[in-house]
Amino acid sequence: MPGRKNTTEMLIVGGGVTALSIAYHCARAGVTVVLVDPDGETGAGAPQAPRPVRAYQPGKVHNSQLTVRSLADYRSFAPAGGADLVLSDVGWLVLPTGRGRSAALEQEVAAQREAGVELQLLTAAGACVRNPWLDPAGVESALWCPQSYLLDVDKVVRGYAAGAREAGARRLSGKTVTGLDPRSGQLAVADGTFEADVIVLAAGAASGALAEAAGLDLPLWAQTAELFRTDPVVTGEEIEAPFTVHPESGLKTLGTGRSFLVGLERISRQEGMREVWFQETVAEVAKRYPKLKDAGLRSMWTGSVDVTPSRTALIGQAHERVFVAAGYTGQELGQAPATGRIVRDLYLGRSPGLDLAPFSPVPSRP
Ligand SMILES: Cc1cc2nc3c(=O)[nH]c(=O)nc-3n(C[C@H](O)[C@H](O)[C@H](O)COP(=O)(O)OP(=O)(O)OC[C@H]3O[C@@H](n4cnc5c(N)ncnc54)[C@H](O)[C@@H]3O)c2cc1C
């Protein structure tokens, strides 16, 4: 829309890793991009700590397709000049319990491998060799995926921001979007409005409320997520225990230094679940790791994440003039690189090379 004030081709709401990846890929493809977000140049402002990311998404082959593609991007990260973003490989041990769950995961091994996931079936004994802190009595079978890694998030965010800027994307920092109109492509901030051919909603945990206010009916909401750290549980050598999850309860752990990182992957629209989930985390740790029963758990990191009931992100066109990339349910880092490419391809009318039906923001009607 040349010649008109405050207009552009694509407005992206957000400045986190998802928004920046979209800006990077779209700008490089020649799209005129403007990012609108309240933060500074590097998204959340302060450097972001390295975080564990996993490529294997149990029960969700379509999610694994995104994480495997994203890992390939991270390993040769062009926006940061091929910088080494994968700090270390931590591995990912998945411990299904109950016959139904074990059988279901074993059945999808072939499809996961076809998606590029390196998966190995382990016996209970083999799982306890990988993670000797587990109570063997609670382990039935296991899947092992080496593609879980500690990611240098700060470098990722800065890399995409620099790459997007070099490709011509502009950034309007210090601007909080207060509303958007899917029909006109108008976006409101405190001191004015902007207009675009398309708006991309990629504002992390704020996306659900913005979508709702815009009249977009999306299964998407924000909820609290919390990570804990145990008190030190060894005095000598550092703990060797991979990223480990019990899909049934959602308990996930990772040995780091002399402590364990602990979290509980749950979703609920109900308010006030933080204390309930803390108590369940304590009980689950005691059940799965008797040796950690008396180790105190301290809150290490709390924040909001955008979630969907299917734990699958909404990526695609939600309205003629609105694209959505939100609802990652805690997996943004593992999926952001692929998301940028997908939104670019969809916008340009190209094939993204994978079935996007599971990610559709528009419910399929029978
Ligand atoms: C406890 C906890 C543990 C986590 N663990 C993991 C993990 O292990 N792996 C993983 O991948 N992820 C994890 N996450 C999620 C993590 O936050 C994401 O990895 C990542 O930071 C989210 O990326 P994003 O770009 O989608 O959203 P964000 O980084 O949240 O970015 C959202 C952006 O939108 C902007 N914004 C918000 N409101 C508005 C508005 N009104 N107008 C304009 N802009 C707006 C914000 O300023 C921000 O720039 C965890 C989160 C928490 C809280």
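For clarity, every value in this text was computed on a predicted model and none was experimentally measured.

### Some points on the pairing of strand S2 (residues 33-37)
Okay, step 1: Judged by how many residues are buried, S2 sits mostly within the fold: five of five residues are covered.
Okay, step 2: As paired strands, strand S1 (residues 7-13) and S2 are joined by four bridges and run parallel to one another. In the strand pairing of S2, Ile12 is matched with Leu35.
Okay, step 3: Handedness of the S1-helix H1 (residues 17-28)-S2 crossover: right-handed.
Okay, step 4: Sheet analysis places S2 next to strand S9 (residues 170-173), joined by four bridges and oriented parallel.

### Overview of the site of the ligand
Okay, step 1: Surrounding the ligand, one finds 35 residues, the nearest of these being Gly16, Gly204, Ala206, Gly303 and Leu333.
Okay, step 2: The set of elements that each furnish at least two residues to the shell around the ligand consists of H1, S2, strand S3 (51-54), strand S13 (221-230), strand S17 (297-307) and helix H9 (332-348).
Okay, step 3: When residues of the shell around the ligand are assigned to domains, at least three map to each of domain 1 (7-48 + 153-220 + 310-359) and domain 2 (92-146 + 222-304).

### Section: the environment of Asp345
Okay, step 1: Of note, Asp345 is situated in helix H9.
Okay, step 2: Accessibility expressed as a C-beta count within 10 Å gives 18 for Asp345, which makes it partly exposed.
Okay, step 3: The spatial distance from the C-alpha of Asp345 to the C-alpha of Ala29 is 9.3 Å, given a sequence separation of 316 residues.

### Thoughts on the sheet that holds strand S4 (residues 86-89)
Okay, step 1: If you trace the three strands from one edge of the open sheet to the other, you get S3-S8-S4, paired in antiparallel fashion. Taken across any chain shown, the strands that pair with only one partner, and hence form the sheet edges, are S3 and S4. With direction set aside, neighbouring strand axes in the sheet form an average angle of 35 degrees.
Okay, step 2: Sheet analysis places S3 next to strand S8 (residues 148-151), joined by four bridges and oriented antiparallel.

### Remarks on H1
Okay, step 1: Counted at 1.5 Å a residue, the expected span for H1 with its 12 residues is 16 Å, and the 16 Å between its end C-alpha atoms agrees.
Okay, step 2: Judged by how many residues are buried, H1 sits mostly within the fold: 11 of 12 residues are covered.
Okay, step 3: Taken as a whole, H1 has its buried residues at Val17, Thr18, Ala19, Leu20, Ser21, Ile22, Ala23, Tyr24, His25, Cys26 and Ala27.
Okay, step 4: Residue Gly30 follows H1 closely and has a positive phi angle near 100 degrees.

Reading guide: rules and limits
- Residues numbered from 1 in each chain as written.
- Predicted model: local features only at pLDDT ≥ 70, side-chain atom pairs only at ≥ 80, totals over all residues.
- Buried ≥ 20, exposed ≤ 12 C-beta atoms within 10 Å, placed from the backbone.
- Helix = DSSP H or I, 4+ residues; strand = E, 2+ residues; numbered from the N terminus.
- Pairing = 2+ DSSP bridges.
- Right-handed = clockwise from strand over helix to strand, strands pointing away.
- Near = placed C-beta within 6 Å.
- Domains from an automatic or database assignment.
- Axes fitted to C-alpha atoms, helices over the stretch in contact; angles between N-to-C directions.
- Expected span 1.5 Å × (residues − 1).

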